[in-house]
Number of protein chains: 2
Amino acid sequence: MTDLEAPLRRFEEALSELVQSDVLFIRLIHQDLVTAGGKRIRPRLVFLASRALGGAPFELELALAVELLHSATLLHDDLIDDAETRRGREAAFRKYGNAVSVLSGDFLLSRLLHVIAKTGRMELVERFAEVAKTLSEGEVLQFQVAALEDYSLENYERIITAKTAVLMALATEGPALLLGAESGVREALYRYGLLYGQAFQMRDDYLDLMGTPEVLGKPVGGDLREGKATLIPLLLMERYPEVREVLRRRAREAGDLERVRALARESGAAEEAVRRIRERAEAAAQALEALPPSPFREALRELALKEAERVR
Amino acid sequence: MTDLEAPLRRFEEALSELVQSDVLFIRLIHQDLVTAGGKRIRPRLVFLASRALGGAPFELELALAVELLHSATLLHDDLIDDAETRRGREAAFRKYGNAVSVLSGDFLLSRLLHVIAKTGRMELVERFAEVAKTLSEGEVLQFQVAALEDYSLENYERIITAKTAVLMALATEGPALLLGAESGVREALYRYGLLYGQAFQMRDDYLDLMGTPEVLGKPVGGDLREGKATLIPLLLMERYPEVREVLRRRAREAGDLERVRALARESGAAEEAVRRIRERAEAAAQALEALPPSPFREALRELALKEAERVR
């Protein structure tokens, strides 16, 4: 009933076409990253939200725009994360240099502009402007917090909201905007996307510390090594000042990572993180009550609730 | 008569306001680069073209958008150029890291989106999408040509057009678009901006090789050291295969730079470059004939013709 195979196939075709360029290095980067698949979580959110409202015009363009903004951020993020791999592949910039990575990201942003112009809806352009602003601010803030060791739960909330949740909120709010849906429905979908996005990022951060390299597709503890204070370290910090020291030294000493993992398990901080993720996911599911019942609403509900399970 | 002091002052105020952020590191970058002045050549082009047509609506927003795209490119370009200084200041990324530089550039792009949305003109959004696409392709192509040693005058034309001229063409065409001017006028202003932009970049490249550190505000020969084949080396290459070798080894050997400069003077290649810049500048001036005579048309004309003089 909620099979997205057909729209996702059209999505992949349209995406490949959209990122065509007669510049070889741009094609290579995009083959590598953009059109190499991925879970397409954001396009799925667009299609489910659209269908939960009976189908929105320009849902494909919206899905493309949301994914392009996400992909451009990944390309610009490669510089920061210094992650060995992303989606299990060699980070693009290692092959062709930082410059090509950043500029290929800019190319994607130009295509995003093209695809939202197609919808003819200036309000959507304005919403993308807001989200792109918040997103870049969130990314810089994350860097700033690590540099200034300005660790706090308040900053953490701000970062996960800005760098992940607002784009997901636009993915689910967007179809309501395009349909001109009543404000209650539009707000409910915005709220769903925001809460789902927060739960999603919290789970991501949880797994980065508590997961396995097999599940992650990259080494565990990357956030610690970049001085990023995520939920569990923040919960631990008050009782265990040593965790702050581990972050400060970017987990450089032998046993640092294992020590934080052990503390997380023993102190109950890991469990507390799971509880908070579930809370957020359930609030997301709750927000959907304002929508008419449908298999698509149900699929959105399940998507959110799954975030709380995936930490196991 | 063509005094731009008032609009340029409004421009500086509006720009400062537009790039406000409550993220400290973003403010620092922007103080450093965006609001630190610069010659504002692109906003000047917008204001002159607008006034040559009797004044276009949203000329300020257009000027801001054009400058934001240029500034974002500078920030993303810092990674590539590895220039010791830019506008005589320490390159922003050296202070706060590559990541902050790139993401602050993204922040500027989000403000660009915001400011063009204000005009309510979707055609302008579409034109910015095209120009941003071409611009990023031009920057990547420049990198690709250096990496693959794919030196040719054809690639050089493509690069200077894509990375510099198309944005200047939008700066001068934009007011005609916003006014709904007749197509002959719009095309003439596009053509002026394109030819002026090419002459401008050719002069920039000329000075990078033949200028002095005092005029440049940075060491001479930066393009050679980055393997960028600009006009003079390309003109020299056929007769002097050693110039290709200098580019290949990024001018690393003692005397490389001086040797190319001497060849440029002695062979007449420098003179030939000046001749080509003048040709382009004169063609730009010529394109303005389609506009009604006015002091602003005259100012645009003089601006172009000055490019040919500044190489001395």
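These figures come from a predicted structure and were not determined experimentally.

Visitor: Just checking my understanding: could you explain the overall build of chain A for this structure?
Guide: Within chain A one finds 16 helices and 2 strands. Radius of gyration (C-alpha) of chain A: 20 Å, near the 20 Å computed for a compact globule of 312 residues. Dimensions along the principal axes, computed over C-alpha positions, put chain A at roughly 55 × 50 × 30 Å. Going through the 312 residues of chain A one by one, you find that 62% of them count as buried. When contacts within chain A are restricted to residue pairs at least 6 apart in sequence, those whose partners lie at least 24 apart make up 75%. Of the roughly 12300 Å² that chain A leaves accessible, carbon and sulfur atoms contribute 47%. Treating the 44 positive side-chain charges of chain A as one cloud and the 51 negative ones as another, the clouds have centres 1 Å apart.

Visitor: Is there a simple way to explain the packing of aromatic side chains in this structure?
Guide: Aromatic ring pairs are described here by two measures, namely the spacing of the ring centres and the angle between the planes. In this structure the tally under the stated criterion is 6 aromatic pairs over all chains. A centroid spacing of 6.1 Å and a plane angle of 45° characterise the contact between Tyr196 of chain B and Phe200 of chain B, whose relative ring orientation is tilted. Note that Tyr196 of chain B and Phe200 of chain B are positioned in helix 9 (residues 183-210) at a spacing of 4 residues, about one turn of the helix. Here the two residues Tyr196 of chain B and Phe200 of chain B agree in accessibility, since each one is buried. Connected via pairs of aromatic rings, a cluster forms that spans Tyr192, Tyr196 and Phe200 of chain A.

Visitor: What am I meant to see in the interface of chain A and chain B here?
Guide: Note: interface size is frequently given as the accessible area lost on complex formation between the parts. With 45 residues of chain A at the contact, the number on the chain B side is 45 residues. Surface buried jointly by chain A and chain B totals about 3900 Å² across both partners, of which 76% is contributed by carbon and sulfur atoms. Looking at the side of chain A facing chain B, the largest losses of area belong to Leu103, Leu113 and Met122 of chain A, adding up to 16% of the total buried there. Our count for the contact surface shared by chain A and chain B stands at 14 residue pairs in polar contact (both at pLDDT 80 or more). Secondary-structure elements contributing two or more residues to the side of chain A that touches chain B are helix 2 (24-32), helix 4 (59-81), helix 6 (98-118) and helix 7 (122-148) of chain A. Here the side of chain A that touches chain B takes 16 residues from helix 7 of chain A, the largest share from any one element. Of the residues contributing to the side of chain A that touches chain B, the split by class is 26 nonpolar, 10 polar and 9 charged.

Visitor: Which parts of the structure should I look at to understand the environment of Glu187 of chain A?
Guide: All names here are of chain A. Its place among the elements puts Glu187 in helix 9 (residues 183-210). We classify Glu187 as exposed; its relative accessible area is 55%. Along the chain, Glu187 and Ala287 lie 100 residues apart, while their C-alpha atoms are 8.9 Å from each other.

Visitor: Honestly, helix 15 (residues 269-287) of chain B in this entry has me stumped. Any pointers?
Guide: Every α-helix winds through 3.6 residues per turn, so residues three or four apart in the chain are directed the same way. Residue and element names in this part refer to chain B. A rise of 1.5 Å per residue sets the reference length of helix 15, with its 19 residues, at 27 Å; its end C-alpha atoms lie 27 Å apart and thus fit the reference within 8%. By the burial criterion, the buried members of helix 15 are Ala269, Ala270, Ala273, Val274, Ile277, Arg280, Ala281, Ala284, Ala285 and Ala287. All buried residues of helix 15 fall inside an arc of 160° around its axis, so they share one side. Across from the buried face of helix 15, at angles greater than 90 degrees, the exposed residues are Glu271 and Gln286. Contact partners of the buried residues in helix 15: helix 8 (153-179), helix 9, helix 12 (231-237), helix 14 (256-267) and helix 16 (295-309).

Visitor: Any chance you could explain empty space enclosed by the protein here in plain terms?
Guide: Vacant regions in the atomic arrangement are exposed by a probe of water-molecule size rolled over the atoms. Taken as a whole, this structure holds 3 cavities of 30 Å³ or more when the rule is applied. Considered as a void within the structure, the largest cavity measures approximately 380 Å³ in volume. Forming the walls of the largest cavity are 27 residues, and the residues nearest its centre are Asp106, Leu109 and Ser110 of chain A together with Asp106 and Leu109 of chain B. If you list the elements that add at least two residues to the lining of the largest cavity, you get helix 4, helix 6 and helix 7 of chain A together with helix 4 (59-81), helix 6 (98-118) and helix 7 (122-148) of chain B. Approximately 40 Å³ is the volume attributed to the second largest cavity. Lining the second largest cavity are Met202, Asp205, Tyr206, Leu209, Thr230, Leu231, Ile232, Pro233 and Ala273 of chain B. Every element with two or more residues in the lining of the second largest cavity is listed here: helix 9 and helix 12 of chain B. Across the lining of the second largest cavity, the residue classes break down as 7 nonpolar, 1 polar and 1 charged.

About the cut-offs
- Residues numbered from 1 in each chain as written.
- Chains lettered and ligands numbered in written order.
- Predicted model: local features only at pLDDT ≥ 70, side-chain atom pairs only at ≥ 80, totals over all residues.
- Heavy atoms only, no water.
- Helix = DSSP H or I, 4+ residues; strand = E, 2+ residues; numbered from the N terminus.
- Rg over C-alpha atoms; globule rule 2.2 N^0.38 Å.
- Buried < 20%, exposed > 50% of the residue type's maximum accessible area, 1.4 Å probe, protein only.
- Contact = heavy atoms within 4.5 Å.
- Areas by Shrake-Rupley, 256 points an atom, 1.4 Å probe, with all protein chains shown as cover.
- Lys, Arg positive; Asp, Glu negative; His and termini not counted.
- Charge placed at Lys NZ, Arg CZ, Asp CG, Glu CD.
- Phe/Tyr/Trp six-rings, centres within 6.5 Å; stacked < 30°, edge-to-face > 60°.
- Buried area = accessible area lost by both parts, 1.4 Å probe.
- Polar contact = N/O pair within 3.5 Å; in protein donor to acceptor, adjacent residues only side chain to side chain.
- Nonpolar A, V, L, I, M, F, W, Y, C, P; charged D, E, K, R; others polar.
- Expected span 1.5 Å × (residues − 1).
- Arc of directions from axis to C-beta.
- 1 Å grid on protein atoms, 1.4 Å probe; cavity = no way out; pocket = protein on both sides within 12 Å on 5 of 7 lines; lining within 4 Å.
- Points joined across faces, edges and corners; volume = space filled by probe spheres on them.

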